[in-house]
Amino acid sequence: MAEAGFAARLATVAEARWRVAIALTVAMIALYFGFILLIAYAPSLLARRLLPGLSLGILIGALVIVASWVLTWVYVRWANTHYDEALAKLGE
Amino acid sequence: MSSLLAALQTTSRIGEPNAVAMGFFFLFIATTLGITFWAARRTRTTEHFYAAGRTISPGQNGVALAGDYMSAASFLGIAGLVSTTGFDGLIYSTGWLVGWPVVLFLIAEPLRNLGRYTFADVVAIRLQQTPVRIAAAVGTLATVSLYLIAQMVGAGGLIRLMFGISYEAAIVIVGLAMIAYVLFGGMLATTWVQIVKAVLLLGGAALLTLLVLARFGWSPVALFSAAAEKYGQGVLAPGRLVSNPLDAISLGLALMFGTAGLPHILMRFYTVPDAKAARTSVFYATGLIGAFYLMTFVLGFGAMVLVGPDAIRGVEPGGNMAAPLLAEFLGGTPLLGFIAAVAFATILAVVAGLTLSGAAALSHDLWVSVVRREKADATEQLRVARVATVGLGILGVVLGITFKGQNVAFMVGLAFAIAASANFPALVLSIFWRRYTTAGAVTSMVLGTLSTLLLIYFSPTLQIDVLKHAEAWFPLRNPALVTMPLSFLSGILVSLLWPRPGESAGFDAVSRRMHLGQEVQPSAISPQPSVD
């Protein structure tokens, strides 16, 4: 009985972990391939100048790198708090 | 300005033996061999040899991951591409980073909790050992060999250009050094070589970035503006490199998911104590690698403005000497020598990591699991791992000399395509999908590897660029857009058509161990109990 409860709680934690992982993966794919598709289909949009020396393309390229940092930070933050805590509580 | 360029072309000391470069190079070799000597005394079991006794801290592993990943291709190649094409080169700067979040979200922690030394450990965990490990070893060795050839040939050419020694001598030096690191020092020495190299590479890139920015009022935008004034607004906008959107998407897939299937990167997650440390180490690695690629924006445009695309192509048509030329312009021969030594250290560290992961596939996956069916004792395991290391090291030298003068730039893209089309699908499906079977896993890995090799052969990359034919039968330069879905779909289809309830039954235990770690014994998962 306790074992069945443990398995059910673990399944809940596992499901939450994969939901977060897949949502963040999809976000990363959307950002990067969105950038690639803009390069392929809207090069003139990316050529638009925001400042002398700063095109929209360069800004978005740098933002893709920054977005990678932010997404990894979001995941680590979530996992260090929610996921680890839920795992620690499983045995109770 | 053109007179300056002409003067630069004639006064560049690239290709002449350079005392500073030699000095830094010997310092690097002496330091890393010292580390190897220290590590050798701590490398007594396979656990040490493959995984550094799982004692590497998350911070150390984060730096080492960055060191394993940032190859000379990304340092010299991207700086060269940006300096000669502008914005188009930046497509690579972003592409080489975006796989890392995927590694973190999907791979790092399950891999650490489920495997011991190789990614095949994870795929094979609840399936039949023999067929899965053979297929995984084929994928691993294909990826490692192609990557190794690209690095070796790059190393030979680079060292000849920078130090003025012969191509063959350069290859032999690289081969001997990497064999020494891996053979005697195993993963512990390899890890510290990666750390030293990463610090040197990041430090060198940061120094160049600061020296460039100092000339433009500490503003990257002022630098880009100077580039646009000199070479037209076109350098800040997408240009000719992405003429075919499908090509760009296919390359993007290979870069993004290939990163998550590179054996020498995956192997690093076994060197840390637990899954949380694996998680933290990817976080650090992503930060460092992202910072490095942001710096390539400044290095590339800096070389474009300060050295000039024509002068860069004049020294080496591929543009690979942009960063060294920039260093020479900013700091004279001493800085050139330092950057040349950094580039050499970069190649050495990457080939050491590749050799170790190849040796693990040969000895741990093929010899210990398949040939000896887990009956090899600890001494034999270590001996076989060392024999495999020497064998792979010699193979690397032979391949490097065989491919002298060949256009091997496509091989890195090909290695990423195989990693994305064979290793990644098998890894993800085995982690996520209960109904994945032995036949399905073997199909994904074998079909992924073979279709990638076949399609790259018929692609413009090989038919037009290398074989000089007029046209190619397959239109894409990188086949990942076709081969990655093919690998996923074939693996799923075969698993659904021939279900194996016995193999699926092991998934609950796998799932538990994936989240909780090693508390669940492997014998509770595997249909064929294996002995540690």
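Structure first, text after, so check above.
Predicted model only: the values in this text are computed from it and were never measured.

Student: Whenever I open this one, the packing of helix α5 (residues 72-85) of chain B against helix α6 (residues 87-95) of chain B confuses me. Can you help?
Tutor: Geometrically, a packed helix pair is captured by the angle between its two axes and the distance between the axes. Residues and elements named next belong to chain B. It is the contact of α5 with α6, at a shortest axis distance of 6 Å, that shows an interaxial angle of 155°. Between α5 and α6, the crossing angle belongs to the class labelled roughly antiparallel. Across the interface between the two elements, Ile78, Leu81, Val82 and Thr85 of α5 pack against Asp88, Gly89, Leu90, Tyr92 and Ser93 of α6. In terms of residue class, the contact of α5 with α6 is made up of five nonpolar, three polar and one charged.

Student: Which parts of the structure should I look at to understand unusual backbone geometry?
Tutor: Glycine aside, the phi torsion of most residues is negative, and most peptide linkages are trans. Residues and elements named next belong to chain B. Despite not being glycine, alanine 52 shows a phi value in the positive range, around 50°. Turning to its location among the elements, alanine 52 is positioned in the loop between α3 (46-51) and α4 (58-69). One non-glycine residue with positive phi stands out, namely arginine 373, at about 50°. Tracing the sequence through the fold places arginine 373 in the loop between α16 (322-371) and α17 (378-402). Taking the C-beta count within 10 Å as the criterion, arginine 373 has 13 such neighbours and is therefore assigned partly exposed.

Student: Honestly, the packing of helix α10 (residues 167-214) of chain B against α16 of chain B in this entry has me stumped. Any pointers?
Tutor: Residue and element names in this part refer to chain B. Following both chains from N to C, one finds α10 and α16 inclined at 150°, their axes separated by 7 Å at the closest point. By crossing handedness, the relation of α10 to α16 is classed as left-handed. When the residues that make up the contact of α10 with α16 are grouped by side-chain class, the tally is 26 nonpolar, seven polar and one charged.

Student: How should helix α12 (residues 245-259) of chain B be read in this particular structure?
Tutor: Owing to its 3.6 residues per turn, the α-helix brings residues three or four apart onto one side. All names here are of chain B. Here α12 is 15 residues long and its end C-alpha atoms lie 21 Å apart, about the 21 Å a rise of 1.5 Å per residue gives. Where burial is concerned, most of α12 is hidden: eleven out of the 15 residues are buried. Of all the positions in α12, only Ala248, Ser250, Leu251, Gly252, Leu253, Ala254, Leu255, Met256, Phe257, Gly258 and Thr259 are classed as buried.

Student: Looking at this structure, how should I read the interface of chain B and chain A?
Tutor: The accessible area lost on association of the parts is a frequent measure of interface size. Listed by partner, the interface residues are 42 residues for chain B and 37 residues for chain A. Among the elements of the structure, α6, α7 (99-114), α11 (220-231), α12, α14 (275-306) and α23 (507-516) of chain B are those that each provide at least two residues to the side of chain B that touches chain A. Among the elements that make up the side of chain B that touches chain A, the one with the highest residue count is α14 of chain B (eleven residues). Of the residues belonging to the side of chain B that touches chain A, the class tally is 29 nonpolar, ten polar and three charged.

Conventions used here
- Residues numbered from 1 in each chain as written.
- Chains lettered and ligands numbered in written order.
- Predicted model: local features only at pLDDT ≥ 70, side-chain atom pairs only at ≥ 80, totals over all residues.
- Axes fitted to C-alpha atoms, helices over the stretch in contact; angles between N-to-C directions.
- Helix = DSSP H or I, 4+ residues; strand = E, 2+ residues; numbered from the N terminus.
- Parallel < 35°, antiparallel > 145°, perpendicular 65-115°, else oblique.
- Contact = placed C-beta atoms within 7 Å.
- Nonpolar A, V, L, I, M, F, W, Y, C, P; charged D, E, K, R; others polar.
- Buried ≥ 20, exposed ≤ 12 C-beta atoms within 10 Å, placed from the backbone.
- Left-handed = near helix turned anticlockwise from the far one by under 90°.
- Expected span 1.5 Å × (residues − 1).

Coordinates in, geometry out; function isn't part of it.
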